[in-house]
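Survey of secondary and tertiary structure
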Amino acid sequence: MCSIPGLPISGSEVPVRIIRVNQNPNCGLVELWVNMDDGRKHIYEQMSEEIQIPNRKFKESEGKPGDLCLVCISGTWHRARIVLIQIETYNVFLIDQGQHHITTSETLAWGPSDIFLLPPEIESCILANVVSLENHWPEKATKFLKSLPGKKIKGLVQHVLMPDRIIILDIPIVVKHMCKFGVAKKMLVDEFKCHALECLQLPKGERSEAILTTVKQNLKVSCQLEKHDQYLYPELLTDTFEKVYVTEVTNPQNFFCKLQIFSKAVKILSEQIHQHYEESSKVSALGEAQPQTSGDPCAARGIDGRWHRSLLKQNMSSDGTVEILHVDEGKTEFVPAGDIKPLHGKFMRMPVVTYPCSLEGVKDDGTGWTTNQTDCLKSLILSGTVAKFDYHNISQDIYYVTLCTAHGACINDCFREKPGLFPPSKTEIDSNVQNEAIPSSFPSSPGDEQCVDVQNKVDTNGHGLQEESSTSTNKLAGNGRMSDLPTSGTDDIQIKKNSGNLDLIIQSNGHLSDFHSKVQNDDDLFTVGNGVNVKVSYVESLHKFWCQTTENGDSLRLLMQDMQNHYASGHPQPLVESICVARNPDDGIWYRARIMATHNSPLVDVSFIDYGQTLKVPLRDVRPIDPDFLRLNAQAFQCCLFNLKNPTNPTAVAWTDSALAKFRKIVDLSASPNIGLKCIIKSVSSDDEGMPLNVVDIETPSDSVCTILAQECELAEAYKQIPPHVPLDAYNYCTHDIEVGGKEIVWVKSLENVNHFYCQLERNSHLFDTVMEQVKQLMDQRQITDHPPGLNGICFAKYIDNQWYRGQIVEMSPKLKVHFVDNGQTLAVNESDICPFPTEASIGRSVPVQAVPLGLFDVPAEVPQEVNQWFVDHVIGHSVTISVVAKGPKGKLIVELLNGSLNVNVEVRERISKLTQQKKTGLIQQTDQQVCIGVPNEDFLMQELRKGSKVTKRTEEKVHSTNGMCAKDELRIHLQSITNVSVPEVEHRITLNEPTLDAILEDKETSLAETFIQDDKSDPEMTHSLVSSPEENLNILMYKRPNISLNKTEEVYASCIVEPHHFWCQYTNTEDLNMVSKLAQEVEQEQQDLIFPQTLVPGSPCFALFSSDNQWYRAQVIQKTENTLHVLFIDYGNETDVDIKNVRPLPQSLLEKAPQAFLCSLKGFDKSKGSWKDEVYDDFDSLLLDKPLKLTVFNVEDHADCAVPQYAVEIWCDGVNVNSSMQKYWKPVSKECVTKESPQTETSLQDCQTESNLMHISVSKGNVNTCKYKEPDISKNKTEMVYASCIVEPHYLWCQYANAQELNHVSSLAQEAGQAQQDTQFPQTLGPGSPCLALFSSDNQWYRAQVTHRADDEFHVIFIDYGNETDVDIKNVRQLPQSLLEKAPQAFLCSLKGFDKSKGSWKDEVYDDFYSLLVDKPLKLTVFNMENHSEIAVPQYAVQIKCDGVDVSSEMQKYWEPVAKECVGKENPQTASAQDCQTESNMMHISVSKGNVNTCLFKEPDISKNKTEMVYASSIVEPHYFWCQYVNTEMLNQVSKLAQEAGQAQQDTMFPKTLGPGSPCLALFSSDNQWYRAKVTQRADDEFHVIFIDYGNESDVNVMNVRRLPQSLLEKAPQAFLCSLKGFDKSKGSWKDEVYDDFYSLLVDKPLKLTVFNMEDHSEIAVPQYAVEIKCDGVDVNSAMQKYWEPVAKECVTKENPQTEVSVQDLQTVSNMINIFVSKGNVNTCVFKEPGISKNKTEMVYASCIVEPHYFWCQYANTWDLNQVSMLAQEAGQAQQDTMFPQTLGPGSPCLALFSSDNQWYRAQVTHRADDDFNVIFIDYGNESDVNIKNVRRLPQSLLKKAPQALLCSLKGFDKSKGSWKDEVYDDFNSLLVDKPLKLTVFDMEDHAEIAVPQYAVEIECGGVVVNTLMEKYWKGLDKDHALEEGKESDK
């Protein structure tokens, strides 16, 4: 055919991959199409991409036979050669597919000549020296040849028939098989060549391409076999251990093993298969091609009635039964032919992981196996076991295995009693193996007794991705393999997800088998004592750094360059090996790497094998490595610096930070070409992961590094022990059907020792929740009994968190002890803290106990205390994987425990061994640099587990923040994460005056109250550590503030993690921390100062002894009781209670050092506006735990609870923005207050905070139902324990009693009464103040209520047991039974004592802070006074509240602004300046002109921020200026009446002279001749211009028609208030003309729902103006007005590169968009074409200009046309300007415009014109700009014809008339799309309303995520739950 170089030479041996096989029945030849260089696959992929843009398509009749060209097939271009032209058809040969194709000239094109220099990807071959015995190939041969495609085999090139590129290829192993089984015969080499030439009709030495083509076409069309899909059997590596299930047993030499690791995936697949074929069996199967041939895969219904993946064991017969093998069970059955169906391809994707096996070393004695022997084997292994795969007998296709029982006994030994011949050894079997596995492809069929012996094997030592959950090396090598019959293989890696279960099924192609040894060959690389020149490539610590030899520097540099070029244009591909290529996220460069660990996320841990660094890398940045890049060995080898002071164990000594810094400096200096380093190998060992570790000294030209560092700094001791991580959660000890060999994810929670500890199964969390729910219900209804249960009795017991749990009494004397059966702990309790188990607790009895006892496998019975302590520090409280090895007594499981990649069993054994050896020599050290100091006795560990507070310590490189969690951490994290840990969430209903649970240990009674950390408040006046105190001689010293700057990024670790609003961080540089810690220990020697503790007050610094490790640490007092101090360890962040004897004064030197930890809170989450979901605690902890963090501080405030500063921060962790990641856990505050689940506990605390439901309403009297509730049963001066149920502001909050028993009873009665039939007359009797039952729509429950007002068929009610309000339809009210009327309300209205509303007002920030202070906290409340509320008919109590020891009234003082005293007397007005009279809050700020004027002021309107009011618009000017009045006009009527009376008074002639702008007065309104309250705005001679402050309208009034305002009217707040629509910044836009009429029509005479969001003083009149949101008839007025708003335009094109940086910053908000109306006129009316995009077609695009989801522009990813347009535009822009042309331009006109930022010309479209400037939109990018008239040019026709390269888009599914976007959408939408390839599908097109371009409604996919779906969380629909949503229907 074509003469292309690249063919192998005759006589060479080449590896080939068989692609296709064809049998020539006429000549008896076997034709093969093979790939001869799989390593160049990437080259062909690159070539394929390049030819997708051909040079030029064929014209008619172009081209001739022999021409090289490109042909388009199914949208893809391929290389081809023209063979034959017949009229309009072309016969072309596909060069890279080895096939012919018939086409026409329309699909042909010319390609670049250089692309044809690359040899064909597939070569045509003839199998050498073998022909068929008959005229046709027998069935056996056909089956065998069908199995060859996909195989990689070595072959010998005998001849190359040129010039036609036909290779005669000898493959001995294939020829041997065919001849051995009698399906072919061999021929001599020369004889075969002649035969082949004759068959192909080729004259020797002459070219006859046309004849060859015809023959090949005939061969292909008539004889090519259809390739059947076959099962894939991954080949197992021998000498490995696997957990297996034995599925089918025939005898000890014939059974099947299924890999346990894939059992779940197989089970899911089996269910899918059964369901699929059960459904399809109901439908006619006509037309389906049935499996026919033995070896074909199929689906078969077994005798159990279920469908299975199966394999035909014989050819199908027309009737009767067929023998089949269920491949996933290893079971052979005979089934009816009708129960066999073709197997769908999707069910073949998962490999078969059930293998035929035989016991290694076991043979029968010639008499066969007895039934008893087989049954014995079944009894031993059918329950699951561990198998060692010793070797694979390929000829018999069977694995010889060694099996062990669950108890570790070797099963093989049980069957070796009879002597017999053993199977041949592995060496014997593999002696002739040379090539990849060829399956046993000639099956034993009936009558065929010939034994098949195919001896072959493939070396597959390459590493796959290692399964972290497996305890053994679990690697699957991918070679096609069959149980009994032929199959085809594949070397594609498959990672499939079946029903949510992700199983990595890794098939190695063997490329890397040799390279893995090169990666780990450091053992042989160097000899001890030798030296080698090196460069230090990466330094982690002096115990772990990596070096490269300099001799390979050039080779590595070239390899790196080649890799960057090779992978620059690649795409993500399936991973085949652990050796790969990964892109470093820090520098974007590709490196050779090894995958070290995978996570349940898109990240993997990779180690860069040429440099040493280990990083987390996204999977998208990992590629399979090309074999060409494996020729150079791994260049980095791991080193540990030799230590002169401890040469035998250098890792046991810690280097100081200064030593590390010095070493880094030496390394940096060595980068100079004049300075080299030499590495001297001192010894070779291995690290904790088994990797080679070279102990080395590094020599500089002057001295050795070891000597330099030893002289410069002293070695530090091993770093201090990290306080233990104490579990506070509950767990279980039942086995829950866990079998030996099974694996479970568990949480380890308590420990006696490593041989006995407890865990909870993660999968059982729902059971625990069910139990706890019933326990809570039963305890709420419990009856007090004097008969506690006896010994061993079951009960409910109160745990240390004040919650009730299931327990069992295990000891009655001397102390009552209870075993908490769901967490495994046994604790001493008070008698009052137990309750008999109720008989009705059926669920509580039936659900098994939830604590599972565990013990570590293969660990000695006697374990040193230090090892137990290590276990506590590193395992307790962690989610780990257990693998059950055996079962012990009483349900105990003996397990292997994996914590991530750490095998805990191995670690424990190693630690025991090291400690034993160290103790023998008297030297007790810990090689992991942790010292367990001061262990007092045997009970130490249990004491630690029962304590809650601990101090975190960290040195040098790593923070162990799991151990640093304080009790508060664990309480918040572990008790709130029920889904993960199944521990009851601590709720706020705790009887606080009850004693906490005492934990009585064996020798010592210890209070467990430490565990229950309380947020005690500090005095509001104190700084972060200075406390104001009236007492003398108090310690008022304080720490410095942490040395951290705003807007500066720091490297930190999280040392104590509670939640995103409360966590502590430490600097990564621990030099100061180490010094502080060292000095702290010296305080132990000092004598206690008995006076010192008496001087301590909250905020005082001190030293405190931490009981868990008996070490001293710097602390700060939080709270002080009699003999106990609650302290905060300021260098770590955790808290604990300390005995007063265990504190010491702090030296001045340590007082001057700033705290080494600082309190942080994630920026962007306002606690007053939302709350965290429960799952945030665990996930936030996991995200930050033990990881280096980049932290930037944006703000600092003093923490409200403890006297320390708290920093609002932004954090990056592993390249992830933590603040953004936490968004999904944030729940914004909702509107309504009564919730569905538990109204008594969730009534309003969060829901009433914003847009409050509470309306303060004046209740009028009338002839209505006047029954009243009792007053709440609360006494004056008595202190009650309460919770705040509805919080509005300090003058208005509702409280409930902490004891909810009565509330629960009332709620139960209310539900019963609510079911009664409605009395239709009853609602007519209701009026303000009437009691009733009302249905709360949010949870469809009935509650007691009181009517506040009525509007038509709706009542506004207040729920008197909770305090929240809502609108209720007349149908949803019921008569209140007398029994409920007699019960006093369970909530009562309160107001903070000491704040007279007439004498001051609250600052704006009070609302959020007051809410945060009280919400969800137990409060101590004392009533001092009671008055009836002025607006609703309930009593209001003046109260004093204490919260966590803080006086709330005192705390609120800083938010109170007293009213300034009046400056002007009533009778005798005096001149006064505005400064003298002006107040900051509730008095209006007035501009006072010079002169003797009346400066009395009106109060501000009584309206609160975030509170919704019902109003009417009383005066409407425009959306930025309108006045509203309250719907309730009672006060307005009263004011009007008083105004008329006052207006009749005689005029004081002197009074008008005192009036000036801002002065209040009475003015006569001429239109109705009535007097109204007014305020002067300006004066002109004898006329005043006034504004009527109760209505909002203005008028001119004669000096004769004004009167003095009585004091009584001056004190009443205005009844109207000035408003402006929120969301329209006047500085950023303006209103269209038509807005005025439409806005007026929309609001006039209609009831409106108004919510205030902000208040500012009006710039022109001295009244406050409120930014409001309004709803009218269910319509959001703010949204409806958007269409009338014209934002100010801004330039959008950026300087550097307009096509890529056009708008991200400038177009972020909608305000940058220019709303333009295109008018018609005598202008240039040429228009651009519409973009060439089709509906429902998906395009690859980039977002070129992003404004918001309703307005963004996209460009095609293929920028060829864009580049061409840009080039033409520059040329056209150089033309001379036509001075007349700009005059023709108008809105919509096309032109060329110069973009000023880069001085380039671009196609544009005019949007509007102003004088000599045009505002244009660049239609190939989407951004806009103003352009001077001189900088526009006429657009050539060639550019006008080209469609715009950008298209205007809007996200589909978001109707702007039905909702709006949240503010956060703009940043997040931009971040999501910017600079990323997007898949865009168009669904609709409309012309944009403002610019003359089409806008497309689109759906976008980015990174596999549908953006439309992702944006739903930012969309605010008009019909969403709003605070007053219930009133919508009536409003309409």
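Residues numbered from 1 in each chain as written. Predicted model: local features only at pLDDT ≥ 70, side-chain atom pairs only at ≥ 80, totals over all residues. Heavy atoms only, no water.

**Re the overall build of the protein chain**
In terms of helices and strands, the protein chain carries 40 helices and 104 strands. Scored against the burial criterion, the 1932 residues of the protein chain give a buried share of 56%. Here the analysis covers contacts within the protein chain between residues at least 6 apart in sequence; of these, 70% occur between residues at least 24 apart. Within the structure as shown, the protein chain displays about 83,500 Å² of accessible surface, and the carbon and sulfur contribution to it stands at 47%. (Helix = DSSP H or I, 4+ residues; strand = E, 2+ residues; numbered from the N terminus. Buried < 20%, exposed > 50% of the residue type's maximum accessible area, 1.4 Å probe, protein only. Contact = heavy atoms within 4.5 Å. Areas by Shrake-Rupley, 256 points an atom, 1.4 Å probe, with all protein chains shown as cover.)

**Some points on the sheet that holds strand 71 (residues 1365-1369)**
The pairing of strands in a sheet happens through backbone hydrogen bonds and is either parallel or antiparallel. The five strands lie next to each other as 71-70-69-68-72, forming an open sheet whose pairing is antiparallel. Of all strands in the sheet, those with a lone pairing partner are strand 71 and strand 72 (1373-1374), marking the two edges. The pairing of strand 69 (residues 1341-1351) with strand 70 (residues 1354-1359) spans six bridges and is antiparallel. In the sheet register, Gln1346 faces strand 70, and the bridge partner there is Ile1358. (Pairing = 2+ DSSP bridges.)

**Some details on helix 36 (residues 1760-1773)**
In this model helix 36 runs 20 Å from its N-terminal to its C-terminal C-alpha over 14 residues, within 8% of the 20 Å that 1.5 Å per residue would give. Buried within helix 36 we find Leu1762, Val1765, Ala1769, Gln1770, Ala1772 and Gly1773. All buried residues of helix 36 fall inside an arc of 165° around its axis, so they share one side. The exposed set on the far side of helix 36, more than 90 degrees from its buried face, consists of Trp1760, Met1767 and Glu1771. Lining the buried residues of helix 36 we find strand 93 (1751-1756), strand 94 (1790-1795), strand 95 (1800-1810), strand 98 (1832-1833) and helix 37 (1837-1840). (Expected span 1.5 Å × (residues − 1). Arc of directions from axis to C-beta.)

**Considering the sheet that holds strand 32 (residues 603-608)**
Strand order in the open sheet formed by five strands is 33-32-31-30-34, with antiparallel pairing between adjacent strands. Strand pairing shows two members of the sheet lacking a second neighbour, strand 33 (614-618) and strand 34 (622-624), which therefore form its edges. Direction aside, the axes of adjacent strands within the sheet are offset by 50° on average. Note: strand 32 against strand 33, five bridges, orientation antiparallel. By the bridge assignment, Leu603 is partnered in strand 33 with Pro618. (Axes fitted to C-alpha atoms, helices over the stretch in contact; angles between N-to-C directions.)

**Re the packing of aromatic side chains**
If you walk through the whole model with that rule in mind, you get 53 aromatic pairs. Seen in terms of ring centroids, Phe757 and Phe871 are 4.9 Å apart; in terms of plane orientation they differ by 55°. Their pairing is tilted. One end of the pair, Phe757, is in strand 39 (residues 756-761); the other, Phe871, is in helix 17 (residues 865-874), with 114 residues separating them in the sequence. The two residues Phe757 and Phe871 agree in class, both being buried. Ring pairing ties together the aromatic residues Phe1106, Tyr1113, Phe1129 and Tyr1132, which thus form one cluster. Lying across the ring of Phe642, Lys682 places its NZ or CZ 5.2 Å from the centre. In this structure, Lys1393 packs its charged tip against the face of Phe1424, placed 5.0 Å from the ring centre. (Phe/Tyr/Trp six-rings, centres within 6.5 Å; stacked < 30°, edge-to-face > 60°. Lys NZ or Arg CZ within 6 Å of the ring centre and 35° of its normal.)

**Things to note about the pairing of strand 18 (residues 307-312)**
Of all six residues that make up strand 18, six are buried, and the element is covered over most of its length. Taking every second residue as pointing to the same face, both faces of strand 18 are buried, with Trp307, Arg309 and Leu311 on one and His308, Ser310 and Leu312 on the other. Where strand 17 (residues 297-301) and strand 18 come together, five bridges link them in antiparallel fashion. Across the sheet, Arg301 pairs through a bridge with Trp307, a residue of strand 18. The antiparallel pairing of strand 17 with strand 18 creates a hairpin that spans five residues between the two strands, and Gly305 there sits at a positive phi of about 85°.

**Quick notes on the pattern of salt bridges**
Within the structure shown, the criterion is met by 28 salt bridges. The closest approach of N and O atoms between Asp621 and Arg583, which form a salt bridge, is 2.8 Å. In this pair, Asp621 sits in the loop between strand 33 and strand 34 while Arg583 sits in strand 30 (residues 579-583), placing the two residues 38 residues apart along the sequence. With relative accessibility at 10%, the residue Asp621 sits in the buried group. On the accessibility criterion, Arg583 (27% relative accessible area) is partly exposed. Here Lys798 and Asp833 are joined by a salt bridge, their closest N and O atoms 4.0 Å apart. Residue Lys798 is found in strand 40 (residues 794-798), and its partner Asp833 is found in the loop between strand 43 (826-828) and strand 44 (834-836); the two are separated by 35 residues along the sequence. Like Asp833, Lys798 is buried. Connected through salt bridges with shared partners, the residues Glu278, Arg301 and Asp339 form a single ionic network. (Salt bridge = Lys/Arg side-chain N within 4 Å of Asp/Glu carboxyl O.)

**Some points on the environment of Asp1875**
Note on placement: Asp1875 falls in the loop between helix 38 (1865-1873) and strand 101 (1878-1887). For the pair Asp1875 and Ser1744, spaced 131 residues apart in the sequence, the C-alpha separation amounts to 8.3 Å.

**Concerning helix 29 (residues 1406-1414)**
Within the span of helix 29, buried status applies to Val1406, Tyr1407, Phe1410, Tyr1411, Leu1413 and Leu1414. Taken end-on, helix 29 shows its buried residues confined to a sector of 160°, consistent with a single buried face. One or two steps after helix 29, the chain reaches Asp1416, where phi turns positive at roughly 60°.

**Focus on unusual backbone geometry**
If you check the backbone angles, Asn1340 has positive phi at about 60° while not being a glycine. Mapping Asn1340 onto the fold places it in the loop between strand 68 (1331-1336) and strand 69. The class of Asn1340 is exposed, set by a relative accessible area of 51%. The backbone phi angle of Asn1799 is positive, close to 60°, even though this residue is not glycine. Looking at the element boundaries, Asn1799 is found in the loop between strand 94 and strand 95.

**Here's the deal with the pairing of strand 5 (residues 76-86)**
Looking at chain direction, strand 4 (residues 68-73) and strand 5 are connected through six bridges and run antiparallel. Residue pairing for strand 5: Leu68 is matched across the bridge by Arg81. Both strand 5 and strand 6 (residues 89-94) contribute to a ladder of six bridges, which runs antiparallel. Within strand 6, the position partnered with Gln86 by the bridge is Thr89. The antiparallel pairing of strand 5 with strand 6 creates a hairpin that spans two residues between the two strands, and Ile87 there sits at a positive phi of about 55°.

**Details of the environment of Ile666**
Its place among the elements puts Ile666 in helix 13 (residues 657-669). Looking at Ile666, the relative accessible area reads 12%, which means it is buried. Between the alpha carbons of Ile666 and Val705 there is a distance of 8.3 Å; along the sequence they are 39 residues apart. Leaving out residues up to four positions away in the same chain, Ile666 has contacts with Leu677, Thr700, Val705 and Ile708.

**Comments concerning the side chain of Lys1187**
Mapped onto the elements, Lys1187 comes out in the loop between helix 24 (1176-1184) and strand 62 (1189-1198). We note that Lys1187 is buried and unpaired, the nearest opposite charge coming from Asp1214 at a distance of 4.2 Å. (Lys, Arg positive; Asp, Glu negative; His and termini not counted.)

**Describing a negative patch on the surface**
Residues Asp1166, Glu1197, Asp1404, Glu1405 and Asp1409 make up a contiguous surface patch of negative charge. Among the structural elements, Glu1405 can be located in the loop between strand 74 (1400-1402) and helix 29. Using a relative accessible area of 42% as the deciding quantity, one classes Glu1405 as partly exposed. (Patch = residues over 30% accessible without salt bridge, like charges linked within 9 Å, V, L, I, M, F, W, Y side chains within 5 Å. Charge placed at Lys NZ, Arg CZ, Asp CG, Glu CD.)

**Examining the nonpolar core**
In this structure, Tyr231, Phe255, Leu259, Cys357, Leu377, Phe389 and Leu403 are the most contacted members of the largest nonpolar core, which totals 41 residues. Counting only elements with at least two residues in this core, the list comes to strand 15 (240-251), strand 16 (254-259), helix 6 (263-280), strand 18, strand 22 (354-359), helix 7 (371-381), strand 23 (385-393) and strand 24 (398-404). In this view, Leu377 contacts Val249, Asn251, Pro252, Phe255, Leu359, Ile411 and Phe415; residues no more than four positions away in its chain are not counted. (Core = buried A, V, L, I, M, F, W, Y, C linked by side-chain atoms within 4.5 Å.)

Just geometry here; none of it tells us what the structure is for.
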